[in-house]
Amino acid sequence: VLYTRAECPYCHRVKVVLQQKRVPYQEIDVSKNPKQLEKLRIINNGDDWLPQIFLNYEHIGGFDEFFLLEDSGQLDDKIREALAEEACFAPKQKMETQL
């Protein structure tokens, strides 16, 4: 799951990388759904920095953490593992029940 906001350039960059890697993801645009923003704040101890990325129910973090994984090659490893488990990015319903 990728929590984003439409006008967020950092969100856009993460989406471009995921699209280039052909990684399926579910986007939750918090500007269209304020309740999701509140849920995100709970997960992030009050922070609402965007984007926020979850891979197989694991909170990867935000933009900086995502690109640290990308630059180190660890992101591809995590994606491969997730695809092998056939559940790449967590479905919205499952994430919402965890919040």
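Residues numbered from 1 in each chain as written. Predicted model: local features only at pLDDT ≥ 70, side-chain atom pairs only at ≥ 80, totals over all residues. Heavy atoms only, no water.

A. How the structure looks around the nonpolar core. Counting 15 residues, the largest nonpolar core has Val 14, Leu 18, Ile 53, Phe 66 and Phe 67 as the members making the most contacts within it. Elements represented by at least two residues in this core include exactly helix H1 (9–20), strand E3 (52–55), helix H3 (63–72) and helix H4 (74–84). Of all the elements, H3 adds the most residues to this core, at four residues. In terms of nonpolar packing, the next biggest core, distinct from the first, is built from 10 residues, Val 1, Cys 11, Ile 28 and Phe 54 among them. (Core = buried A, V, L, I, M, F, W, Y, C linked by side-chain atoms within 4.5 Å. Buried < 20%, exposed > 50% of the residue type's maximum accessible area, 1.4 Å probe, protein only. Helix = DSSP H or I, 4+ residues; strand = E, 2+ residues; numbered from the N terminus.)

B. The environment of Arg 13, seen in detail. As for its placement among the helices and strands, Arg 13 is situated in helix H1. Taking the relative accessible area as the measure of exposure, Arg 13 reaches 45% and is therefore partly exposed. For Arg 13 and Phe 67, which are 54 residues apart along the polypeptide, the C-alpha to C-alpha distance reads 9.8 Å. Setting aside its immediate chain neighbours within four residues, Arg 13 contacts Phe 63 and Phe 67. (Contact = heavy atoms within 4.5 Å.)

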